[in-house]
There are 2 protein chains.
Amino acid sequence: MEKLNIGLVGLGQRGSLYLQDVIAQHPDVAVVAVADRLAERRAAAAATLAKYGSPAPREFAEASDLIAAPEVDAVVVISGWYSHIPLAIEAMRAGKPVAVEVGGALSIEQCWRLVETSRATGQPCMMLENCCYGRLEMLAMNMAEQGVFGELVHCAGGYHHDLRPEILRGVEGDHYRLAHYFYRNCENYPTHEFGPIAQILKINRGNRILSLLSVASKAAGLRDYAARLEPGTPGADKANWRFNQGDIVTTVLKCSGGETVTLTLDTTLPRGYSRGFTVRGTRAALFEDTQSVFIDGMDMPPEAEFDWSHCWGNVKEFYERYEHPVWERYLREGVKAGHDGMDWLVFDDFVQAVREGRPLPIDVYDTATWMAVTILSEDSLALGGQPVAFPDFTEGEWMTRERKLIWI
Amino acid sequence: MEKLNIGLVGLGQRGSLYLQDVIAQHPDVAVVAVADRLAERRAAAAATLAKYGSPAPREFAEASDLIAAPEVDAVVVISGWYSHIPLAIEAMRAGKPVAVEVGGALSIEQCWRLVETSRATGQPCMMLENCCYGRLEMLAMNMAEQGVFGELVHCAGGYHHDLRPEILRGVEGDHYRLAHYFYRNCENYPTHEFGPIAQILKINRGNRILSLLSVASKAAGLRDYAARLEPGTPGADKANWRFNQGDIVTTVLKCSGGETVTLTLDTTLPRGYSRGFTVRGTRAALFEDTQSVFIDGMDMPPEAEFDWSHCWGNVKEFYERYEHPVWERYLREGVKAGHDGMDWLVFDDFVQAVREGRPLPIDVYDTATWMAVTILSEDSLALGGQPVAFPDFTEGEWMTRERKLIWI
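Predicted model only: the values in this text are computed from it and were never measured.

Trainee: Honestly, the interface of chain A and chain B in this entry has me stumped. Any pointers?
Mentor: Many descriptions give the size of an interface as the accessible area lost when the pieces come together. Across the boundary between the two partners, chain A contributes 54 residues, which contact 54 residues of chain B. Counting the surface lost from both chain A and chain B, the interface buries some 4500 Å², and carbon and sulfur atoms represent 59% of this. Counting the surface chain A buries against chain B, the share from its top three residues, Lys218, Arg280 and Trp312 of chain A, is 15%. Linking chain A with chain B are twelve salt bridges. Note that arginine 283 of chain B is salt-bridged to aspartate 224 of chain A, the shortest N-O span being 2.7 Å. Taken together, chain A and chain B are joined by 23 residue pairs in polar contact (both at pLDDT 80 or more).

Below, the structure written as structure tokens:
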């Protein structure tokens, strides 16, 4: 099979790192074009490609010109949040499969437009949600498939990542997140960890989200942090800003199968990184923070002597029994760079699906559904936490897209 | 000072154990009366007291007769959930201070009646919420008082306790919880961990709960567990029961100070015990499950190398610096039996406050507020997760009961 000729849009911090760690090194990909407004970023990208022995890509200042370029067979969008959906739509209209980095939607209508464009053009669209390829997440998927959890009942996850320095101090000027934190209040980054949870719960494949509600705490973290920065240093000027974005946003989703999902946005208070990944079923439980698995009937100390430290890290044993085949092979062949190896897997899955013409593992319905959480949480917060109905982007197809009835 | 003459109502599993572990051994207490419908339980209680050299108590079949008995100075209610509030009201009307075991309310009106009775009679009422006296919870209270967390923003807690065997198999016949799980769907046991969280957030003392909402998962755990029991053994007959109580109930409260609180009821799926205690502020975080504390500026590995196992159990260091004075003394003098020593501390605090005539550490407003969560969660669930307003049982006094303005 031939290499996939890719056009890469967006060469900022994330785009340039992705190119370096993953795309430029992929044996089945040729980066034939890159687009970014800044010429020095384009030159840096060309240098990265040259390092791996690849020919110089065509350089575009405008994404639209890259999308229209005839040598580009598929488009990869790693730009700011605003442009993900518009550029994905443009790519599909140009008859090209498209992959977009993670991020929330800016309207529900935009999500519908994405879905309708994919249907009308027949072109696929995939969100590059790398956390769906995390080792722990894939372990859980495999355990779920094998019935270890019994009936799935509840999942939790979050984006627990202290971004205060990044948001306040910026990277080459103000961070693109800054305006979102100042003006908005919502679950602004839901797809870690909703992506893998949605896959485990078979959302859009025999299950769907019925409703969502969100509650936000006050916004105290950024201001307090800014107030403690050395006067005159980047970020210190924001000590009196009144941010709208609550420090902790708790979102609860309810599925047609009766499962609940709790998502937490947690990016402006001190703590260690976590995706808080939790899977609960009638026969087992898995917890990321303690790296623990509980299985009904497993050998445990009597309740009075029980202490969580007994179970910290016992997930190790479960990797021996339930490692996902994808990760088994990956560990054997050598895990690549990029967020603990996840970046490679998600990108590779997109590339191979497009090359082989098979359905994308994360399709346009998933992309729209996961991105919609942001807007719906904003709506619910605006309404004081009232539950809001979740659109069915498949328009009923979720019931018949997979033959197996999963609730039994 | 003289001993406090106590009448103990309820000698079931919990009451008899409490008597044995704590009450019978307390040097400042004389158990002058016990009440239970079952004569053999009363006899067992008398035997327990005799073991500790105490005279035989008067025995009553009816709680009302014990409450009316003139030798009883204070009443302790350790009966089933239904009777907590009615008996507390009866005790206060008889002019006696009263302590009640934990449990949820059965109506909001009942909570108001409790508060109004205390106001009208001048008699105090305290919920014996032992988790307010947990070592970790008191560490967090002390750290909060000393400003280690900075501004408090969010707390979480839950009752994560696999009760499937207890609920299904019963203890001396059907468990009193069984009917609640069959008929109702609510946060039926909120006060672990809402009690300590409410104290940390100064609820009713400069802060109050504004609203609450709940979302419940399906009820799958009990049925699946029952279906796997050996046919003919206790509980196996319930394999086809359709329980109303969702396995996981997520409740989110919003405070007037802008803080949010997440409570989880989690009693019918496999897992290890936890109260999931979490405190988040602008300058620090504390997590029960990992026994971790994060403080702004503490020495941490760089993000790419960070792994939670770096922090598992680091709370140890914080006990050295911030152990609550009550626990410091307790550890020196010897921790007593009863739920890791908590039972002794909560009971002792009630006894000494009554003997000294000082305000109870957990007063009637707290008791009513914490118990009300159950009913409000039931309302919110019935309304599909809609937020419901939280009554202010202090009728405005929460703003002035403590002089310090706590949000600054």
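Once the structure has been displayed, the description carries forward.
Trainee: Just checking my understanding: could you explain the packing of helix 4 (residues 84–93) of chain B against helix 5 (residues 108–121) of chain B for this structure?
Mentor: Each pair of packed helices can be described by the angle between their axes along with the distance between the axes. Residue and element names in this part refer to chain B. It is the contact of helix 4 with helix 5, at a shortest axis distance of 9 Å, that shows an interaxial angle of 10 degrees. Taken together, the axes of helix 4 and helix 5 lie roughly parallel to each other. Crossing of helix 4 against helix 5: the hand is left-handed. Within the contact between the two elements, helix 4 uses Ile85, Pro86, Ala88, Ile89, Met92 and Arg93 and helix 5 uses Gln110, Cys111, Arg113, Leu114, Thr117, Ser118 and Thr121. Residues of the contact of helix 4 with helix 5, tallied by class, amount to seven nonpolar, four polar and two charged.

Trainee: For this particular structure, what's the right way to read the pairing of strand 8 (residues 209–216) of chain B?
Mentor: Walk down a regular strand and you will see the side chains alternate between the two sheet faces. Residue and element names in this part refer to chain B. A large share of strand 8 lies buried, amounting to six of its eight residues. Note that strand 8 and strand 9 (residues 248–255) share seven bridges and pair antiparallel. Across the sheet, serine 211 pairs through a bridge with lysine 254, a residue of strand 9.

Trainee: I tried to follow the relation of the copies chain A and chain B on my own but got confused; where do I start?
Mentor: Put simply, the second copy of the chain is the first one after a rotation about an axis and a shift along it. Once chain A is rotated about the relating axis by 180 degrees and shifted along it by 0.0 Å, it coincides with chain B to within an RMSD of 0.0 Å. Taken together, these values place the two copies in the relation of a two-fold axis. Relative to the rotation axis, the C-alpha of glutamine 386 of chain A is the closest in chain A, positioned 2.6 Å from it. A shared interface surface links the copies, since 100% of the contact residues of chain A are contact residues in chain B too.

Trainee: Which parts of the structure should I look at to understand the confidence of the model for chain A?
Mentor: Do not read the fine detail of predicted coordinates wherever pLDDT is low. All names here are of chain A. Looking at chain A as a whole, its pLDDT mean stands at 94, while 98% of the residues score no less than 70. A low-confidence stretch, residues 404–408 (pLDDT under 50), is modelled with twelve contacts involving residues beyond four sequence positions or located in other chains. As scored by the predictor, the complex reaches a pTM of 0.96 and an ipTM of 0.95.

Trainee: I'm lost on the side chain of glutamine 245 of chain B in this one. Help?
Mentor: With respect to the element layout, glutamine 245 of chain B can be found in the loop between helix 10 (221–227) and strand 9. Residue contacts for glutamine 245 of chain B: discarding those within four places in its chain leaves His180, Tyr181, Arg184, Asn185, Cys186, Asn188, Ala219 and Leu265 of chain B.

Trainee: Where do I start with the packing of helix 5 (residues 108–121) of chain A against helix 14 (residues 364–382) of chain A in this structure?
Mentor: All names here are of chain A. Following both chains from N to C, one finds helix 5 and helix 14 inclined at 175 degrees, their axes separated by 8 Å at the closest point. As far as their axial angle goes, helix 14 and helix 5 are roughly antiparallel. Contacts between helix 5 and helix 14 involve Ile108, Cys111, Leu114, Val115, Ser118 and Arg119 from the first element and Val364, Tyr365, Thr367, Ala368, Ala372, Ile375 and Leu376 from the second. Looking at the contact of helix 5 with helix 14 residue by residue, the class counts come to ten nonpolar, two polar and one charged.

Trainee: Which parts of the structure should I look at to understand helix 9 (residues 191–200) of chain B?
Mentor: Counting along an α-helix, one turn takes 3.6 residues, and residues three or four places apart therefore face a common direction. Residue and element names in this part refer to chain B. Counting buried residues along helix 9, nine of its ten residues qualify, which places the element largely inside the surrounding structure. Within helix 9, burial applies to Thr191, His192, Glu193, Phe194, Gly195, Pro196, Ile197, Ala198 and Ile200. Lysine 202 lies just past helix 9 and shows a positive phi near 60 degrees.

Trainee: Please explain the packing of aromatic side chains as it appears in this structure.
Mentor: Each aromatic ring pair is specified by the distance between its two centres and by the angle formed by the two planes. Under the definition given, this model contains 25 aromatic pairs over all chains. Ring geometry for tyrosine 18 of chain B versus phenylalanine 347 of chain B: centroids 6.2 Å apart, planes at 65 degrees, classification edge-to-face. Of this pair, tyrosine 18 of chain B sits in helix 1 (residues 13–21) while phenylalanine 347 of chain B sits in helix 13 (residues 342–356), and the two are 329 residues apart along the sequence. Owing to a relative accessible area of 0%, phenylalanine 347 of chain B belongs among the buried residues under this scheme. With centroids separated by 5.0 Å and ring planes inclined at 70 degrees, the aromatic side chains of tryptophan 327 of chain B and tyrosine 330 of chain B adopt a geometry described as edge-to-face. Taken together, the residues span about one helical turn, with tryptophan 327 of chain B and tyrosine 330 of chain B both in helix 12 (residues 325–333) at a distance of three residues. Given a relative accessible area of 4%, tyrosine 330 of chain B falls into the buried group. An aromatic cluster is built from Trp81, Tyr159, Tyr176, Tyr189 and Tyr273 of chain A, whose rings are joined through pairwise contacts. For arginine 135 of chain A, the ring lying beneath its charged end belongs to tyrosine 319 of chain A, and the centroid distance is 3.9 Å.

Trainee: What should I look at first to understand unusual backbone geometry in this one?
Mentor: With the exception of glycine, the majority of residues adopt a negative phi angle, and the majority of peptide bonds are in the trans configuration. Residue histidine 192 of chain A is joined to glutamate 193 of chain A through a cis peptide bond whose omega torsion reads 15 degrees. Residue placement: glutamate 193 of chain A occurs in helix 9 (residues 191–200). Despite not being glycine, histidine 339 of chain A shows a phi value in the positive range, around 50 degrees. Position of histidine 339 of chain A relative to the elements: it lies in the loop between helix 12 (325–333) and helix 13 (342–356). With a phi angle near 50 degrees, glutamine 291 of chain B is a residue other than glycine that sits in the positive phi range.

Trainee: What is the right way to look at helix 13 of chain B in this model?
Mentor: Residues and elements named next belong to chain B. The end-to-end C-alpha distance of helix 13 is 21 Å, a good match for the 21 Å that 15 residues give at a rise of 1.5 Å each. Here helix 13 lies mainly inside the structure; 13 of its 15 residues are buried. Backbone geometry just after helix 13 places glycine 357 at a positive phi near 65 degrees.

Trainee: Explanation requested: the environment of threonine 121 of chain A in the structure shown.
Mentor: Residues and elements named next belong to chain A. Within the element layout of this structure, threonine 121 appears in helix 5. Threonine 121 sits 25 residues away from lysine 96 along the chain, and the two C-alpha atoms are 9.1 Å apart. Beyond its immediate stretch of four places on either side in the chain, threonine 121 contacts Met92 and Arg93. Among the polar contacts made by the side chain of threonine 121, one reaches the main-chain amide nitrogen of glutamine 123 at a distance of 3.1 Å.

Trainee: Explanation requested: the domain arrangement of chain A in the structure shown.
Mentor: All names here are of chain A. Splitting chain A by domain gives domain 1 (4–131) and domain 2 (132–399). Placing the centre of domain 1 and that of domain 2 at their C-alpha centroids yields a distance of 24 Å. Listed by partner, the interface residues are 46 residues for domain 1 and 51 residues for domain 2. Across the interface of domain 1 and domain 2, roughly 4200 Å² is buried in total on both sides, 72% from carbon and sulfur atoms. Among the residues of domain 1 in contact with domain 2, Trp81, Met126 and Cys131 are the three that bury the most area, contributing 19% of the side total. Across the pair arginine 119 and glutamate 395 runs a salt bridge, and its minimum N-O distance is 3.1 Å. On inspection of domain 1 and its partner domain 2, the count reaches 21 residue pairs in polar contact (both at pLDDT 80 or more). Contributions of two or more residues to the side of domain 1 that touches domain 2 are made by strand 1 (4–9), helix 1 (13–21), strand 4 (74–77), helix 4 (84–93), strand 5 (98–100), helix 5 and strand 6 (125–127). It is helix 5 that contributes the most residues to the side of domain 1 that touches domain 2, seven residues altogether.

Trainee: Hey, could you run me through the nonpolar core in this one?
Mentor: The tendency in soluble globular proteins is for nonpolar side chains to be buried as a group. Core analysis: the biggest nonpolar cluster contains 126 residues, and Ile23, Leu286 and Phe350 of chain A have the highest contact counts within it. By residue number, the principal contributor to this core is helix 14 of chain A, which donates ten residues. Split by domain, the residues of this core number at least three in each of domain 1 (4–131) and domain 2 (132–399) of chain A. Among all residues touching isoleucine 23 of chain A, those that are not within four sequence positions of it are Leu8, Tyr18, Val29, Val31, Ile78 and Phe347 of chain A. Val9, Leu11, Leu49 and Leu163 of chain B belong to the second-largest nonpolar core, a separate cluster that totals 125 residues.

Trainee: I keep staring at the pattern of salt bridges and nothing clicks. Help me out?
Mentor: It is possible for side chains of opposite charge to pair when their charged atoms get near one another. Residue and element names in this part refer to chain B. Applying the stated criterion across every chain, the model contains 56 salt bridges over all chains. The partner of glutamate 323 in a salt bridge is arginine 135, and the shortest N-O contact between them spans 2.7 Å. Residue glutamate 323 is located in the loop between helix 11 (315–322) and helix 12, and its partner arginine 135 is located in helix 6 (residues 135–145); the two are separated by 188 residues in the primary sequence. Residue class for glutamate 323 comes out buried when judged on its relative accessible area of 9%.

Conventions used here
Residue indices begin from 1 for each chain and proceed along its sequence in written order. Chains and ligands are labelled by the order in which they are written, letters from A for the one and numbers from 1 for the other. Only residues with pLDDT of at least 70 get local features here, since the model is predicted, and only at 80 or more are side-chain atom pairs given and counted; chain-wide, interface and lining totals rely on the full set of residues. As a convention, hydrogens and water are excluded, and side-chain values are obtained from all of the structure's heavy atoms. Residue contacts are defined here by distance: any two heavy atoms, one from each residue, within 4.5 Å place the two residues in contact. Note: buried area is the sum, over both parts, of the accessible area (probe 1.4 Å) each one loses when the two are combined. Whenever Lys or Arg places a side-chain nitrogen within 4 Å of a carboxyl oxygen from Asp or Glu, that contact is recorded as a salt bridge. As used in this structure description, the phrase polar contact means that two N or O atoms lie within 3.5 Å; if the pair is within protein, one of them must be able to donate a hydrogen and the other to accept it, and residues adjacent in sequence are counted only when both atoms belong to side chains. Throughout, an axis means a line fitted to C-alpha atoms (over the contacting stretch in the case of helices), and angles, computed between N-to-C directions, take values from 0 to 180 degrees. Elements are defined by DSSP. Helices are runs of H or I of four residues or more, strands are runs of E of two residues or more, and each kind is numbered from the N terminus. If an angle is under 35 degrees, it is roughly parallel; if it is over 145, roughly antiparallel; if it lies from 65 to 115, roughly perpendicular; otherwise it is oblique. Note on convention: the crossing is left-handed when the near helix lies turned anticlockwise from the far helix by less than a right angle, right-handed when the turn is clockwise. Gly falls in the polar group here, along with every residue not listed as nonpolar (Ala, Val, Leu, Ile, Met, Phe, Trp, Tyr, Cys, Pro) or charged (Asp, Glu, Lys, Arg). Residue exposure (1.4 Å probe, protein chains only): buried if accessible area is under 20% of the type maximum, exposed if over 50%, otherwise partly exposed. Pairs of strands are assigned from DSSP output, requiring at least two bridges between the strands. The fit set for superposing copies consists of C-alpha atoms from residues with pLDDT of at least 70 in both; the fit itself is least squares. Confidence of the predictor in every single residue is expressed as pLDDT, which spans 0 to 100. Whether two aromatic rings pair depends on their centres lying within 6.5 Å, for rings of Phe, Tyr and Trp, where Trp uses its six-membered ring; planes under 30 degrees apart make the pair stacked, over 60 edge-to-face, and the rest tilted. Lysine NZ or arginine CZ positioned within 6 Å of the ring centre and within 35 degrees of the ring normal marks a charge as sitting over the ring. By this rule the span expected of a helix is its residue count minus one, scaled by 1.5 Å. Domain start and stop positions are those given by an automatic or database domain assignment. What we call a nonpolar core is a set of buried Ala, Val, Leu, Ile, Met, Phe, Trp, Tyr and Cys residues that are connected through their side-chain atoms within 4.5 Å.

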